[in-house]
Amino acid sequence: LIGAMVAGSVYLVVSRRAALRSEHRLDSLLSREAAFLANNLVLVGLAFVVFWGTFFPLISEAVTGTKAAVGPPWFNRYTVPLALILVLLSGIGPVIAWRRATLANVRRNFLGPTLVAVAVFAGLLAFGVTESATALIMFVFASFVVGVLAQELWRGVGARRAMTTEGPARAVVSLVRRNRRRYGGYTVHLGMAVLFVGV
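Residues numbered from 1 in each chain as written. Predicted model: local features only at pLDDT ≥ 70, side-chain atom pairs only at ≥ 80, totals over all residues. Heavy atoms only, no water.

*Asks:* Would you mind showing me how to read the packing of helix α3 (residues 32-64) against helix α4 (residues 72-92) here?
*Replies:* Two measures define how a pair of helices packs: the angle their axes make with one another and the distance between the axes. Look at α3 against α4: their axes get within 10 Å of each other, and the N-to-C directions meet at 160°. Relative to α4, the element α3 lies roughly antiparallel. Handedness of the α3/α4 crossing: left-handed. On α4, the residues that touch A35, A38, N39, V42, L43, G45, L46, V49, V50, W52, G53 and T54 of α3 are W74, F75, Y78, T79, L82, I85, L86 and L89. (Axes fitted to C-alpha atoms, helices over the stretch in contact; angles between N-to-C directions. Helix = DSSP H or I, 4+ residues; strand = E, 2+ residues; numbered from the N terminus. Parallel < 35°, antiparallel > 145°, perpendicular 65-115°, else oblique. Left-handed = near helix turned anticlockwise from the far one by under 90°. Contact = heavy atoms within 4.5 Å.)

*Asks:* It is not clear to me how the packing of helix α5 (residues 103-126) against helix α6 (residues 133-163) should be interpreted in this structure. Could you clarify?
*Replies:* The N-to-C vectors of α5 and α6 enclose an angle of 140°; their axes lie 8 Å apart at closest approach. Between α5 and α6, the interaxial angle falls into the category oblique. The way α5 lies across α6 gives a crossing that is right-handed. Contacts between α5 and α6 pair R108, N109, F110, G112, P113, T114, V116, A117, V120, F121, L124 and L125 from the former with L136, F139, V140, S143, F144, G147, V148, Q151 and R155 from the latter.

*Asks:* I would appreciate a short explanation of the pattern of salt bridges in the present structure.
*Replies:* Once the charged atoms of two side chains with opposite charge are near each other, the side chains can pair. Under the counting rule described, the total for this entry stands at 2 salt bridges. Residues R155 and E152 are paired through a salt bridge, measuring 4.0 Å at the closest nitrogen-oxygen approach. Separated by 3 residues within a single helix, R155 and E152 lie in helix α6, roughly one turn from each other. (Salt bridge = Lys/Arg side-chain N within 4 Å of Asp/Glu carboxyl O.)

*Asks:* I'm lost on the packing of aromatic side chains in this one. Help?
*Replies:* For the structure shown, the criterion picks out 7 aromatic pairs. Taken together, a centroid distance of 5.3 Å and an interplanar angle of 85° make the contact between Y183 and Y186 edge-to-face. Residue Y183 and its partner Y186 are located together in helix α8 (residues 180-198), separated by 3 residues, close to a single helical turn. Residue Y183 shares its accessibility class with Y186, and that shared class is buried. Put simply, the rings of F48, W52 and F56 touch in pairs and so form one group of aromatic residues. (Phe/Tyr/Trp six-rings, centres within 6.5 Å; stacked < 30°, edge-to-face > 60°. Buried < 20%, exposed > 50% of the residue type's maximum accessible area, 1.4 Å probe, protein only.)

*Asks:* What's the story with the side chain of S90 in this structure? I'm lost.
*Replies:* Here S90 shows up in helix α4. Polar contacts involving the side chain of S90 include one to the main-chain carbonyl oxygen of V87, which spans 2.6 Å. In this structure S90 touches V145 and H189, once residues within four positions along its chain are discounted. (Polar contact = N/O pair within 3.5 Å; in protein donor to acceptor, adjacent residues only side chain to side chain.)

*Asks:* I would appreciate a short explanation of the environment of V140 in the present structure.
*Replies:* With respect to the secondary-structure elements, V140 resides in helix α6. Along the chain, V140 and L84 lie 56 residues apart, while their C-alpha atoms are 10.0 Å from each other. For V140, the residues in contact, after removing those within four places along its chain, are A117 and F121.

Structure representation (structure tokens):
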């Protein structure tokens, strides 16, 4: 069944590649489009690692007659770096400019969240959280994501209050209600960071 699904998917993509080809090209690797592409490649990589690790015992038994299993250390070796990249990209994606980011744009959008991440890093070191380097990096990247999303909400509320006479709480509700897709997406990014911190 899995072989038929993989073969069918490959056939559909190859046979319809002309219709799937984008008319646009990446203008810069420092852009939101590039971040989306990198994000999708990381997700495909994670899917492949989980697929291979899960089905390797069946494949090895079918080919060699011996069931050889892979354990948690094998999964950790490949999924942890990909998860770190995924969390970092979930912070970069929402605020990097479309088409091509300039140095001024990068500084304006990433200075605050980077300072939050550095402060969290210093705080973790001060409290002795040094046993696992990957956990430390994940906490720092997750705090970067939280900083990015808090900054976006702060700017949105500030812009809303400048246009209306609403108070802060009312401005937050109005802003989210008018931009459900955007803030729903931000909630997903925050959820990804919290999920991986939990793991």
